[in-house]
Amino acid sequence: MEIPDDLVQVGFVYGAYGLVGGVRVRPFSDDADALLHVTTWWLDKPGLRDVSVKRAKLHGGDVVAQLSGVADRDEAEALKGTAVLVSRSQFPQLDEENEFYWADLIGLEVENLQGERLGTVHDMMSNGPQSILRITSQSVDAEAAQERLIPFVDQFVIKVDKDAKKIVVDWGLDY
């Protein structure tokens, strides 16, 4: 199978589940839709390869899955630490206009209400209750580059314009 050029890491294998080769995956999203609805995952261990998903379900905050070619607990344990990637084109459609996948926000420019450029979203993270934009400012001197962490909540995020590749926030340069 040809490797898609739009792979996005959506989680990682952190252990085995059961005795017949189930894997326990820690998703990067609270709802884990991409892991639950896609029938082909890409794993990066031992090399990038596709695997068919026989079954996947939520179990607590994790996803447990049975993968083709993983027949017992030892094989599942050997996958511990493996990145799980999914083709972005296979993600489920979002229901609401103001819903976004993290992968769609990475790379967007961020400016505040005053029109001052704060930087580019280089990553996302979660602190539990909310997602957080990780923004890096551009600088000629790499050591002078600054990272800003802005909660991705309505109070601070005013507008996300994916077409213009820009996010407008209520956030000062001195925060």
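J.: Just to check I follow, could you spell out the sheet that holds strand β3 (residues 40-43) for this structure?
T.: Sheets are built from strands that pair by backbone hydrogen bonding, the pairs being arranged parallel or antiparallel. Taken together, the 6 strands give a closed barrel; going around it, the order is β1-β2-β5-β4-β3-β6, and neighbouring strands pair in antiparallel fashion. When strand polarity is set aside, the average angle formed by the axes of neighbouring strands in this sheet is 45°. Looking at chain direction, β3 and strand β6 (residues 83-87) are connected through 2 bridges and run antiparallel. Counted as the bridge partner of L43 is V84 from β6.

J.: What should I look at first to understand the sheet that holds strand β9 (residues 131-136) in this one?
T.: The mixed open sheet is built from 6 strands, whose spatial order is β10-β9-β8-β7-β12-β11. With partners counted over all chains shown, the strands left at the sheet margins are β10 (147-151) and β11 (157-161), one partner each. Across the sheet, the mean angle from the axis of one strand to that of its neighbour is 35°, orientation sign disregarded. When strand β8 (residues 117-126) meets β9, the two strands line up antiparallel, connected through 6 bridges. Residue pairing in the sheet places S126 in a bridge with S131 of β9.

J.: Sorry, what's going on with the side chain of Q66 here?
T.: Mapped onto the secondary structure, Q66 falls in strand β5 (residues 62-67). Looking at Q66, its side chain comes within polar contact range of the main-chain oxygen of V20, at 3.2 Å. Within the structure, Q66 has its side chain in polar contact with the backbone oxygen of V70 (distance 3.0 Å). The residues touching Q66, leaving out its near neighbours within four places in the chain, are V20, G21, G22, S52, V53, K54 and R55.

J.: In this structure, what is going on with the pairing of β8? I would like to understand it.
T.: The side chains of a regular strand alternate, first on one face of the sheet and then on the other. Pairing of strand β7 (residues 109-112) with β8, which is carried by 3 bridges, proceeds in the antiparallel orientation. Looking at the pairing, E109 lines up with T120 of β8. Turn length for the β8-β9 hairpin, with the two strands adjacent in sequence and antiparallel, is 4 residues, and the turn residue G128 shows positive phi of about 110°.

Parameters at a glance
One numbering rule holds for all chains: residues counted from 1, following each sequence as written. Per-residue local features are limited, in this predicted model, to residues with pLDDT of at least 70; the limit for side-chain atom pairs, both in listing and counting, is 80 or more; totals at the level of whole chains, interfaces and linings are taken over all residues. The side-chain numbers reported here are obtained from all heavy atoms of the structure, hydrogens and water having been left aside. Pairs of strands are assigned from DSSP output, requiring at least two bridges between the strands. Counting from the N terminus, the helices are DSSP H or I runs at least four residues long and the strands are E runs at least two residues long. An axis is simply a line fitted to the C-alpha atoms; with a helix, the fit covers only the stretch in contact. Between two such axes, the angle follows the N-to-C directions and lies from 0 to 180 degrees. For this analysis, a polar contact is any N or O atom pair within 3.5 Å, provided that within protein one partner can donate a hydrogen and the other can accept it, and provided that sequence-adjacent residues contribute only side-chain to side-chain pairs. Here a residue-residue contact requires only that any non-hydrogen atoms of the pair lie within 4.5 Å.

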